[in-house]
Amino acid sequence: MTINSKDLIKAIRTSDESIFNRLTDKTASISGAGFKGDHIAAIRIHGIACPDTTWENCIFNDVEFDAIDFQNAKFTSCSFHQCRFNQPILAETVFEGCVFNHTAFIDTEDAEALVINNCQFQESIIKNIHFIDTNITSSTYTQGELTDIDGEGTLKSFVLRDVAISHFDTSDMTVLACTASSCKTLPSGFKSVEGRRRRV
């Protein structure tokens, strides 16, 4: 079934999963669409491409993004709660000032020039991602998991707190002013801040 982009955008805004379940058009796209202040919940979004889209001050609750192309998309001041990105394309995608709570990124297909700036991750999972010119700056990752991460890029002022880390290879990354606390594994280039007391 072919569905036009206007109806696909409406389906996302109204969290209408039935539209995506009926979709058979393999070229369906909402390229360039803009979302602002939308609350999207309890939906599996699949079968479409979302390149060059913008998402501002949106709330995502229990949303599953299944093999979605987010190339050159930008998320600004968005919050994600109990969401899941399965095999996403995140080339040139920007996450700016976003909060991820109990959210997972699994088997990312492409993370070339991915930018994550001023974001907070809480009890989330990033698993199996290869960086190419990826930049993560001024962000914190509290609890959760980081597994099977490698590649090239820049990590700056990236703070890890009580994170389960497995196979996080930073050997080809530029690591600047990054710290880790209460982590059993310390990625190369990260400075341990164990035992520091907070000044009062």
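Everything that follows concerns the structure shown earlier in this document.
These notes cover the structure that comes with them. Since the model is a prediction, treat every value here as computed from it, not as a measurement.

Reading the values: rules and limits
- Residues numbered from 1 in each chain as written.
- Predicted model: local features only at pLDDT ≥ 70, side-chain atom pairs only at ≥ 80, totals over all residues.
- Heavy atoms only, no water.
- Pairing = 2+ DSSP bridges.
- Helix = DSSP H or I, 4+ residues; strand = E, 2+ residues; numbered from the N terminus.
- Buried < 20%, exposed > 50% of the residue type's maximum accessible area, 1.4 Å probe, protein only.
- Arc of directions from axis to C-beta.
- Contact = heavy atoms within 4.5 Å.
- Core = buried A, V, L, I, M, F, W, Y, C linked by side-chain atoms within 4.5 Å.

Describing the pairing of strand S15 (residues 145-161)
Here is step 1 of the chain: Of the pairings in the sheet, the one linking strand S14 (residues 125-142) to S15 comprises 14 bridges and is parallel in character. Bridge assignment links Phe 131 to a residue of S15, and that residue is Gly 151.
Here is step 2 of the chain: As paired elements, S15 and strand S16 (residues 164-168) share four bridges and run parallel to each other. By the bridge assignment, Thr 147 is partnered in S16 with Ser 166.

So, helix H1 (residues 5-13)
Here is step 1 of the chain: Along H1, the residues that are buried comprise Leu 8, Ile 9, Ala 11 and Ile 12. Looking straight down H1, one finds that the buried residues subtend no more than 160° of arc, so they occupy a single side. The exposed residues of H1 that point more than 90 degrees off its buried face are Lys 6 and Lys 10.
Here is step 2 of the chain: As for H1, its buried residues are in contact with helix H2 (17-21), strand S1 (34-36), strand S2 (39-46) and strand S3 (54-56).

A few points about the side chain of Ser 139
Here is step 1 of the chain: Within the secondary structure layout, Ser 139 lies in strand S14.
Here is step 2 of the chain: Residue Ser 139 is classed as buried on the basis of its relative accessible area of 1%.
Here is step 3 of the chain: Look past the residues within four positions of Ser 139 in its chain and what remains in contact with it is Ile 116, Asn 117, Asn 118, Cys 119, Ser 157, Phe 158 and Val 159.

Here we look at the nonpolar core
Here is step 1 of the chain: Core analysis: the biggest nonpolar cluster contains 59 residues, and Ile 48, Trp 55, Phe 60, Phe 80 and Phe 95 have the highest contact counts within it.
Here is step 2 of the chain: Excluding its chain neighbours within four sequence positions, the residues that come into contact with Phe 80 are Phe 60, Phe 65, Phe 75, Phe 85, Phe 95, Cys 98, Val 99, Phe 100, Asn 101 and Thr 103.

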